[in-house]
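The residues making up each chain are set out below.
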Amino acid sequence: MRSFVLPILGAVGILAATPALAQQAPIVIKFSHVVATETPKGKGAEKFKELAEARTNGKVKVEVYPNSQLYKDKEELEALQLGAVQMLAPSLAKFGPLGVKEFEVFDLPYIFPSKESLTKVTQGPLGQGLLKKLEPKGIIGLAYWDNGFKIMSANRPLKTPDDFKGLKMRIQSSKVLEAQFRALGALPQVMAFSEVYQAMQTGVVDGSENTPSNMYTQKHNEVQKHITLSDHGYIGYAVIVNKKFWDGLPADIRTTLDGAMKDATTYANQIAQKENDDAVAAMKAAGKSEFHTMTDAERAAWRKAMLPVHEDMASRVGKDLIQAFYKETGVAGN
């Protein structure tokens, strides 16, 4: 009898322990992005992983997938909505094709006269109101991360608006960016970020706009002869999460992750400018691209050529929203 009962008791003990073991399995957050680990976004994602795992005592595991390892630009938002990944940090231009066109206001050339004016928007009611517009799409916006101000590259010097005429310029999928390059006489080409280097190398595109850190980590300077330090536009990211997944987290875990995201955001935004400055210095030192610093007259000519895009895109982005940005940033838009 004893030899019969003991195995049963052992089996009962194993079954009783099974729920406890299941509860110990960490909550996995797959965090996918399309840039290199060494960029501000890449480092921000790693910082969030570090903080989230430490502060939840291992109850959460964050798996970071950089450099389009899982999904390219056009694929990642659909993957998030389907729950194939839980977290992304897409550039703000990506939300236009999703149906939230208001985010394309961030793409307007010369909409931000300074880093301070940008922070007023992203940290204030304007920025938070835009994040709320993602919720009907099954997405929660957690934070804005800076990438920085954009520069231009091509295989010929870009000093005046006329220099753009006929150039095939790579853009993210954004009607505003398309209008920007058409205003300059260029031919905008929508293309995944991971494909740009080869497209430049083979002449499929002549140039692009991006932040210095993105250009440098993807080695665009190796296949572009000229770079203009224009600071004409801005690239930022929204860190987003699948709404169903986020709402389903235990309240204490969600609160802890909110705190980790807040601190990771502070870190990412603090390093963004230094990463871009270092990237410019590194590209100059490499000596494969000739750099041009704009004169005041050149900058005024670029601004004059691009500002009509604001009015042209008002019906798409929202005239009232553009005016609200003007008021918050102090930019003269006309």
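Residues numbered from 1 in each chain as written. Predicted model: local features only at pLDDT ≥ 70, side-chain atom pairs only at ≥ 80, totals over all residues. Heavy atoms only, no water.

Visitor: For the sheet that holds strand β1 (residues 27–32), give the residues involved together with the corresponding values.
Guide: The strand order β2-β1-β3-β10-β4 describes an open sheet built from five strands, whose pairing is mixed. Unpaired on one side and paired on the other, β2 (60–65) and β4 (139–149) mark the two borders of the sheet. Sheet analysis places β1 next to strand β3 (residues 87–88), joined by two bridges and oriented parallel. Bridging across to β3, Ser32 finds its partner in Leu88. Lying over the sheet, helix α3 (residues 73–82) contacts β1, β3, β4 and β10 (234–242), oriented at roughly 25° with respect to β10. (Pairing = 2+ DSSP bridges. Helix = DSSP H or I, 4+ residues; strand = E, 2+ residues; numbered from the N terminus. Contact = heavy atoms within 4.5 Å. Axes fitted to C-alpha atoms, helices over the stretch in contact; angles between N-to-C directions.)

Visitor: Residue-level account of the sheet that holds strand β9 (residues 226–229), with values.
Guide: With respect to topology, six strands assemble into an open sheet ordered β7-β6-β8-β5-β9-β11, the strand pairing being mixed. One side of each edge strand has no neighbouring strand; the edge strands of this open sheet are β7 (187–190) and β11 (290–293). Strand-to-strand twist in this sheet, taken as the mean axis angle between neighbours without regard to direction, amounts to 25°. Of the strand pairs in this sheet, strand β5 (residues 151–154) and β9 are connected by three bridges, and their pairing is antiparallel. Bridging across to β9, Met152 finds its partner in Thr228.

Visitor: Let's hear about the nonpolar core: which residues, and what values?
Guide: In terms of nonpolar packing, the biggest core is built from 38 residues, with Phe95, Phe103, Phe106, Phe112, Ile240 and Phe325 touching the most fellow members. Ile140, Leu142, Phe193 and Ala264 belong to the second largest nonpolar core, which has 31 residues in total. (Core = buried A, V, L, I, M, F, W, Y, C linked by side-chain atoms within 4.5 Å. Buried < 20%, exposed > 50% of the residue type's maximum accessible area, 1.4 Å probe, protein only.)

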